[in-house]
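Structural overview
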Amino acid sequence: MDQNFQEERFTGIMKFTPPLYRQRYEFVKDLVEKYKPKEVADLGCGDCTLLWMLKSCSCIEVLAGLDISASVMKENMHRLSPLPVNYLQPSERSLTVTLHHGSVAHRDPCMLGFDLVTCIELIEHLEESELKKFPEVVFGFMAPSIVVISTPNSEFNPLLPGVTLLRHPDHKFEWDQAQFQNWALETAGLYGYSVEFTGVGHPPTGKESVGFCTQIGVFIRKYSQTSKSAQSEDPTEAIYRTVFRAVYPSLKDEKYLKNAVVSEVIFQAQVIKQCLLDRSVSKHEEYNHPTERRSNFQPAVKWFSEDLEKLVIEKSVESFVHGNMIHIPLQTIFSFPKVRQLCGTFDKLSKLIAGKVPLSSDGSAVMLSAEPEQH
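All values derive from a computational prediction rather than experimental measurement. Starting afresh in each chain, residues are numbered from 1 along the sequence in its written order. Since the coordinates come from a predicted model, pLDDT governs what is reported: local features require at least 70, and pairs of side-chain atoms require 80 or more to be given and counted, while whole-chain, interface and lining totals use all residues. With hydrogens and water excluded, all non-hydrogen atoms of the structure serve as input to the side-chain values.

Structural notes on the confidence of the model for the protein
- Scored by pLDDT, the protein has a mean of 87; 82% of the residues are at 70 or more.
- A low-confidence stretch, residues 292-304 stays under pLDDT 50, and its non-local contacts, those more than four residues away or across chains, total 20 contacts. Every residue carries a pLDDT, the predictor's confidence in it, which falls somewhere between 0 and 100. Working rule for contacts: check all heavy atoms of both residues, and any pair within 4.5 Å makes them a contact.

What to know about the pairing of strand β4 (residues 116-120)
- Burial classes follow relative accessibility: with a 1.4 Å probe on protein chains only, a residue under 20% of its type's maximum area counts as buried, one over 50% as exposed, and anything between as partly exposed. Secondary structure elements follow DSSP: runs of H or I no shorter than four residues count as helices, runs of E no shorter than two count as strands, and numbering proceeds from the N terminus. Counting buried positions along β4 yields 5 of 5 residues, so the element is predominantly enclosed.
- Residues L116, T118 and I120 line one face of β4 and the alternating positions V117 and C119 line the opposite face, and both faces are buried.
- Between any two strands, at least two bridges found by DSSP are needed for them to pair. By the bridge criterion, 3 bridges tie strand β1 (residues 39-43) to β4 in an arrangement that is parallel. By the bridge assignment, V40 is partnered in β4 with L116.
- Relative to strand β5 (residues 146-152), β4 runs parallel, the two being bridged by 5 bridges. The residue bridging T118 from the neighbouring strand is V148, located in β5.

What about the nonpolar core?
- Residues belong to one nonpolar core when they are buried, are Ala, Val, Leu, Ile, Met, Phe, Trp, Tyr or Cys, and are joined through side-chain atoms within 4.5 Å. In terms of nonpolar packing, the biggest core is built from 40 residues, with V32, L54, I60, L99 and V148 touching the most fellow members.
- Where this core is concerned, the elements lending two or more residues are α2 (20-35), α3 (49-54), β3 (96-101), β4, β5, β7 (214-221) and β8 (241-247).
- When residues of this core are assigned to their parent elements, the largest contribution, 6 residues, is made by α2.
- Not counting chain neighbours up to four residues away, the residues in contact with L54 comprise V28, K29, V32, V40, I60 and L63.
- A41, V104, F173 and A188 belong to the second largest nonpolar core, which has 31 residues in total.

See below:
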């Protein structure tokens, strides 16, 4: 976070909108939307802002962050915890978020299997010895399908008032465009990747030759991963320390799925009950006051959409009142799109609501009291 504040002191004068750090994160998010990776790791995750932004991407099922500063991660890791709404409305996808304390110069098996690895404003913080090990760890050992690396473009620095040599006191170096591209092309060629160069933070008119304020390399692996066996032949001990792990509630977990199905079944049953009761009142009024005919169904409390209302009217015909109980066939409940989407099959619906929803003795119908709900 301090890094972003330090940077904004300089780049704010250039009036980057949105702020430069935000543009970098949006670039990554756009890349995620394009390639739909399921597992993403952010190396040098710092204050976890990028991870926080990415956890909303529906394609991602595994998010991992790595940083050399455990304290910075611990100060901000609460942002990655599930919110109450995640429990009330579990997602259809699974999501696990993990933070690790360690160095990108070391190999750890927990970093294998990722589709996308991001290194946003990271390499310029590495010592020379760490920078030498970095390509082997990321491109050789981790070997993801895509690697995104961003780093300051030193050619832009003269346009940033207040920058004398480096943009941040912890930077060990800052490359110009040629230096970064030479390093990237050599690394890509050595490990079987192609690389495309772009950036964020456009230069002022007339200064286009200096390039982007932040230069970015997008590395794409040329061949499908065949080195899994090679990695297994060279086992690596776990050396990173896990400082945070969160598993989000998901409908793939039967516990959450059961709760969602039971809630939806009860909701739909109550809607049909309301429909039957209102229709009964309508017929009673029509019988006693024939001059005040009600041609259309008009529920006393309209708490569902018009499309659902039409469907409910059709389905409620199959339900009936017997004594002081309303019988709603389970097949009727299953015919609603949301219920079918959640359950998939009628047998699964029956299994999920067993013991949780009042049913007839043969289990074929949902049973509700014919008494109106007290609001």
